[in-house]
Amino acid sequence: ESGITRPKGYNVSFHCNPEMEKHHFGVTHPMKPWRLTLSKSLIYSYGMSFAMDNYVSRAATYEELADFHSTDYLDFLGTVLPEPVPRDVENQNPDLKFNLGGSDCPLFEGLYDYCSMSAGSALDAARKICAKQSDIAIAWGGGLHHAKKAEASGFCYINDIVIAILELLRHHPRVLYIDIDVHHGDGVEEAFFSTDRVMTVSFHKYDPNNFFPGTGALDDNGPKNEQNPGAHHAVNVPLNDGITDEQYDMLFNTIISRIVEKFRPSAVALQCGADSLAGDRLGRFNLQVQGHGACVEFCKRMNLPLILFGGGGYTPRNVARAWTYETSIAIGCQDKISDVLPQHTPWRDQFRQETLFPTLEQILGEPRQNKNPPKRLQEIVNHVSEQLRFVQA
Ligand code: TV7
Ligand code: CA
Ligand code: ZN
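Note that the structure is a prediction, hence the values are computed from the model and not measured. (Residues numbered from 1 in each chain as written. Chains lettered and ligands numbered in written order. Predicted model: local features only at pLDDT ≥ 70, side-chain atom pairs only at ≥ 80, totals over all residues. Heavy atoms only, no water.)

Asker: How should the site of ligand 1 be read in this particular structure?
Answerer: Around ligand 1 sit 20 residues in total, of which Asp104, His145, His146, Asp275 and Tyr314 are the nearest. One of the side-chain nitrogen or oxygen atoms of aspartate 104 is found 2.6 Å away from a nitrogen atom of ligand 1. Within the side chain of histidine 183, a nitrogen or oxygen atom sits 3.1 Å from an oxygen atom of ligand 1. Summarising the interface, the protein chains cover 72% of the accessible area of ligand 1, which totals 810 Å² for the free molecule. Looking at side-chain class alone, the shell around ligand 1 contains seven nonpolar, nine polar and four charged residues. (Near = heavy atom within 4 Å. Polar contact = N/O pair within 3.5 Å; in protein donor to acceptor, adjacent residues only side chain to side chain. Areas by Shrake-Rupley, 256 points an atom, 1.4 Å probe, with all protein chains shown as cover. Nonpolar A, V, L, I, M, F, W, Y, C, P; charged D, E, K, R; others polar.)

In structure tokens form, the structure reads like this:
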């Protein structure tokens, strides 16, 4: 009776693992795996599970993780234990092995399980795409884009995206990776620096001195040398505080259309980090659920096999709104779902406003000042257009 129906001849699969959501980074840590539970409960309240294939994903195996990560790192990750006594606020421990155990990447109970479950859902999503059993595969528990081959970074330990893209590359000649998390997708970019089969594009807040991870300048486009086929295959869109839906949409549509024209990907992986939304605890942008979702809609319209990953997102009620709306776009029922949250939504009071699309005023009180002059946005578009002259399918 929700009016939400299964799209005919079009398959959306949803990959999650409820065990993952039970893990805790620590009381004050911004990353709350529980936001996945909140998101899922809103998605189910709208009745969307009836329009998708729902899978409880398995944990990735050691061998699957070793497709990207070094065994030294995995062995250590599998054996380290949380410290009995929590250390002081800053991570001033000089001998952090593999950057593990600081305040950004703490050691917690079940850490290895948490990581392998995140990678497991991303891999399951990739396999459904490769088998052509899904047109869009959703893994909101994935999207941990900062993890490196042998290093944890920025709340990320295992790079599930890289592992999933490596799987896509077994069946697809070219994969386009797009990252709308407010942070630079450095781990994914670096992993594919030397191949021309993956093009990475990240939109992010850029301030080399004051915003994590400090990389992703406009002219950082991959190591430029004659022998590197991956040169020019990293696109960076550095932005400033307060960017709006209209500006972001213009940039996204212009840049992604030109890339698709030139690079001709056969599959797309979209990291949907929800910390680019207005009111995020760590973010700086003024994006609304509609503007964030417009990126997903644009990708869907390209009519290519698509994986949607989660990522950042530190104000759980807004994360749940965005990923619910984006799930509805995947299914194609976005025009049928009501702005008012279903009456029976669990944790309904968590959402503050009773709507899926709160106004900027409701979210922020006062919007953040927009520090993105139109002239700068034009410069970005021009740079990317120039860069693409070096790219061909
Ligand atoms: C994908 N910002 C991950 C984004 C990773 C951002 C950072 C914090 C933070 C950590 C905490 C905490 C925090 C309020 C915010 C240079 C530092 C400064 C730690 C206090 N509160 C994603 C990573 C980023 C941990 N790290 O892209 C425990 O903010 O800026 C930094 C590094 C050193 C460490 N300190 C912060 O969204 C999933 N961390 C409270 C408790
Ligand atoms: Ca990004
Ligand atoms: Zn982020």
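Read on for the rest.
Asker: Help me understand the coordination of the calcium ion (ligand 2) in this model?
Answerer: Think of it this way: four donors in a tetrahedron around the metal ideally sit 109.5 degrees apart, and six in an octahedron ideally sit 90 or 180 degrees apart. Of the protein atoms, only Asp179 (O), Asp179 (OD), Asp181 (O), His183 (O), Ser202 (OG) and Phe203 (O) coordinate the calcium ion (ligand 2), at distances of 2.4 to 3.0 Å. Written as a sequence motif, the donor residues of the calcium ion (ligand 2) are D-x1-D-x1-H-x18-S-F. On the accessibility criterion, aspartate 181 (1% relative accessible area) is buried. Judged by its relative accessible area of 7%, histidine 183 is buried. (Donors = N, O, S within 2.8 Å, 3.2 Å for Na, K, Ca; no water. Buried < 20%, exposed > 50% of the residue type's maximum accessible area, 1.4 Å probe, protein only.)

Asker: Honestly, the coordination of the zinc ion (ligand 3) in this entry has me stumped. Any pointers?
Answerer: Coordination of the zinc ion (ligand 3) by the protein comes from Asp181 (OD), His183 (ND1) and Asp275 (OD), over a distance range of 1.9 to 2.0 Å. Look at where the donors of the zinc ion (ligand 3) fall in the sequence and you get D-x1-H-x91-D.

Asker: I keep staring at the pairing of strand β8 (residues 306-309) and nothing clicks. Help me out?
Answerer: Of the two faces of β8, both are covered, the one formed by Leu306 and Leu308 as well as the one formed by Ile307 and Phe309. As judged from the four bridges shared by strand β3 (residues 136-139) and β8, these two strands associate in the parallel manner. Residue pairing for β8: alanine 139 is matched across the bridge by phenylalanine 309. Two strands pair when backbone bridges link them, and strand β7 (residues 267-271) and β8 are joined in this way by four bridges, in the parallel orientation. Residue leucine 270 lies in a different strand from β8, and its bridge partner there is leucine 308. Since β7 and β8 lie parallel, the crossover through helix α8 (residues 289-301) that links them has a hand, and here it is right-handed. (Helix = DSSP H or I, 4+ residues; strand = E, 2+ residues; numbered from the N terminus. Pairing = 2+ DSSP bridges. Right-handed = clockwise from strand over helix to strand, strands pointing away.)

Asker: Hey, could you run me through the packing of aromatic side chains in this one?
Answerer: When we look at a pair of aromatic rings, we describe it by the centre distance and by the angle of the planes. For the structure on display, the rule yields 16 aromatic pairs. Consider the rings of tryptophan 140 and tryptophan 323, whose centres lie 5.1 Å apart with planes at 5°: the pair is stacked. Placement of the pair is tryptophan 140 in the loop between β3 and α5 (160-168) and tryptophan 323 in helix α9 (residues 316-331), with a sequence separation of 183 residues. By relative accessible area, which is 4% here, tryptophan 140 ends up buried. Measuring from ring centre to ring centre gives 6.4 Å for tyrosine 248 and phenylalanine 285, while their planes differ by 55°; the resulting arrangement is tilted. Placement of the pair is tyrosine 248 in helix α7 (residues 245-263) and phenylalanine 285 in the loop between β7 and α8, with a sequence separation of 37 residues. Taken together, the aromatic side chains of Phe203, Tyr248, Phe252, Phe285 and Phe298 make up a single cluster linked through ring pairs. (Phe/Tyr/Trp six-rings, centres within 6.5 Å; stacked < 30°, edge-to-face > 60°.)

Asker: Would you mind going over the nonpolar core with me for this structure?
Answerer: In terms of nonpolar packing, the biggest core is built from 120 residues, with Tyr157 and Phe203 touching the most fellow members. Broken down by element, this core gets its largest block of residues, 11 residues, from helix α4 (residues 111-130). Once you skip the residues sitting within four places of it in the chain, phenylalanine 203 turns out to touch Ile178, Asp179, Ile180, Asp181, His183, Val237, Leu239, Tyr248, Leu251, Phe252, Ile255 and Ile256. (Core = buried A, V, L, I, M, F, W, Y, C linked by side-chain atoms within 4.5 Å. Contact = heavy atoms within 4.5 Å.)

Asker: Explanation requested: the packing of α4 against α5 in the structure shown.
Answerer: Between two packed helices, both the angle of their axes relative to each other and the distance between the axes serve to describe the pair. Packing of α4 against α5 brings their axes to within 8 Å, and their N-to-C directions diverge by 20°. Judged by the angle between their axes, α4 and α5 are roughly parallel. The hand of the α4/α5 crossing is right-handed. Of the residues in α5, those touching α4 at Ser118, Ala119, Ala122, Leu123, Ala126, Arg127, Ile129 and Cys130 are Asp160, Ile163, Ala164, Glu167 and Leu168. Counted by class, the contact of α4 with α5 contains nine nonpolar, one polar and three charged residues. (Axes fitted to C-alpha atoms, helices over the stretch in contact; angles between N-to-C directions. Parallel < 35°, antiparallel > 145°, perpendicular 65-115°, else oblique. Left-handed = near helix turned anticlockwise from the far one by under 90°.)

Asker: Explanation requested: helix α11 (residues 374-388) in the structure shown.
Answerer: Three or four residues apart is the spacing at which side chains of an α-helix point the same way, because the helix has 3.6 residues per turn. The terminal C-alpha atoms of α11, which comprises 15 residues, lie 21 Å apart, in line with the 21 Å expected from a rise of 1.5 Å per residue. Regarding α11, the residues found buried are Leu377, Ile380, Val381, Val384, Gln387 and Leu388. The arc that holds the buried residues of α11, viewed along the axis, is 125°, so those residues lie on one side. On its buried face, α11 sits against β5 (198-205), β6 (234-239) and α7. (Expected span 1.5 Å × (residues − 1). Arc of directions from axis to C-beta.)

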